[in-house]
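# Survey of secondary and tertiary structure
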Amino acid sequence: TTTTTTTSTNAWTVVASDLSRGLEGRGVPCFSRVPNQAPPSGYVYVARSTLPATMRDHELVGCGCSPSLMCDADNCPCITPIFANHDNAGAAVASNDQSLRTSYDLPVIECGPGCLCSPKTCPNRVVQKGLAFDLEVFDTGGSKGWAVRCKTAIPSGAFVCCYEGEIVSVAEARKRLAALTSADSNYLLVLQEHSGRRNATVNTCIDAGPFGSVARFINHSHDPNLRVQPVRCGTAIPRAAMYATKPIPAGMELTFDYGGGGVGVVCGGERTEKPMGSPEALSPNSKPCHCGASQCDGLLPSNPVLNS
């Protein structure tokens, strides 16, 4: 594998018992091997993305399923052959049509506040319940800085966490990206959804810089073990849910492709197409990649939505 495996030993020191300050259903401890190291700072932890006063979200029309019945594709309008949902283990599936289960590019619609089904027993409520595993932030002790691992193994396909932050417009996201210097970290992520019926693209921009969840510490890899999926939990604005793309052993660093891996997710700043090793390979805003994957080209992916 190309990702880093770390295990909890006596050398690890807890520098924060819970970065979420109780906002998550599970604590998010932070570890370091450096004595007296301070935990990450300069942001406010949020378990759910915030909206500026100029933006509004709205509730989707919910299902009328009986609280005594389990929502499924046969009786729940939130789960139809054109929409993805979750299986009984909480893993994302592409569609109820078996022929489409190899693709994850269809939207996930969870039952939400407008639904009559039971929030406690409905199987179509996974992402909205928050962190599904005991995640830990840790100091890599190298060029990658802080990173995220899981205390226990994660099965392939399982929902892990959401990339939360501040929802902003594309114009505001471009403004923030332009204001970053080469020394700044870029936490802007863009969910791109393409509507064939309307021949339109919907962009949801999430900035985890000033506000963010544990996912803001997940590093990029050209060989990731997580992927990002737009999920609507009863409201129009989607959440950036992260799912395991392969079995992940306990203690292994969690990563995702900042370029989206071809699934309509982009996170990062400018880059050039020049090969590594040439003097002009890095533009002023380019960031070198330290993922260590065999297919790594040495640069973090570009963000075509914000750089256009």
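Now for a description of the structure that goes with this document. All values derive from a computational prediction rather than experimental measurement. (Residues numbered from 1 in each chain as written. Predicted model: local features only at pLDDT ≥ 70, side-chain atom pairs only at ≥ 80, totals over all residues. Heavy atoms only, no water.)

As a further point, take the sheet that holds strand β8 (residues 146–150). Taken in spatial order, the four strands of this open sheet run β1-β2-β7-β8, and their pairing is mixed. With partners counted over all chains shown, the strands left at the sheet margins are β1 (13–16) and β8, one partner each. On average, each strand axis in the sheet is inclined to that of its neighbour by 35 degrees, with strand direction left out of account. With five bridges joining them, strand β7 (residues 135–139) and β8 adopt antiparallel strand pairing. Its bridge partner being in β8, Phe138 is matched across the sheet by Ala147. (Pairing = 2+ DSSP bridges. Helix = DSSP H or I, 4+ residues; strand = E, 2+ residues; numbered from the N terminus. Axes fitted to C-alpha atoms, helices over the stretch in contact; angles between N-to-C directions.)

On to the pattern of salt bridges, then. Throughout the structure, instances matching the rule amount to eight salt bridges. The salt bridge involving Arg26 is made with Asp134; its shortest N-O contact spans 3.0 Å. Placement of the pair is Arg26 in the loop between β1 and β2 (30–32) and Asp134 in the loop between β6 (108–110) and β7, with a sequence separation of 108 residues. Residue classification places Arg26 among the partly exposed residues on the basis of a relative accessible area of 31%. Across the pair Glu136 and Arg149 runs a salt bridge, and its minimum N-O distance is 2.8 Å. Taken together, the positions of Glu136 in strand β7 and Arg149 in strand β8 put the pair 13 residues apart, joining distant regions of the chain. Judged by relative accessible area, which is 7%, Glu136 ranks as buried. Its relative accessible area of 1% is what places Arg149 among the buried residues. (Salt bridge = Lys/Arg side-chain N within 4 Å of Asp/Glu carboxyl O. Buried < 20%, exposed > 50% of the residue type's maximum accessible area, 1.4 Å probe, protein only.)

We now examine the pairing of strand β9 (residues 159–163). On a regular strand, each side chain points to the face opposite its neighbour's, so the side chains alternate between the two faces of the sheet. Burial within β9 is extensive, with five of its five residues counted as buried. Relative to strand β16 (residues 239–244), β9 is paired through four bridges, and the arrangement is antiparallel. Opposite Tyr163, over in β16, you have Ala240 as the bridge partner.

A separate point is the side chain of Glu193. Relative to the assigned elements, Glu193 resides in strand β11 (residues 188–195). Take Glu193: its relative accessible area is 13%, and that puts it in the buried class.

What follows is about the packing of aromatic side chains. Under the definition given, this model contains four aromatic pairs. Measuring from ring centre to ring centre gives 5.9 Å for Trp12 and Phe138, while their planes differ by 90 degrees; the resulting arrangement is edge-to-face. Here Trp12 is found in the segment before β1, whereas its partner Phe138 is found in strand β7, with 126 residues between them in sequence. Side by side, Trp12 and Phe138 carry an identical accessibility label, which is buried. Sitting over the ring of Phe31, Arg149 keeps its end group 5.2 Å from the ring centre. Of note, Arg216 hangs over the ring of Phe217, and the distance from its end group to the ring centre comes to 5.1 Å. (Phe/Tyr/Trp six-rings, centres within 6.5 Å; stacked < 30°, edge-to-face > 60°. Lys NZ or Arg CZ within 6 Å of the ring centre and 35° of its normal.)

What follows is about the environment of Ala158. Within the fold, Ala158 resides in the loop between β8 and β9. It is 9.0 Å that separates the C-alpha atoms of Ala158 and Pro247, two residues lying 89 residues apart in sequence.

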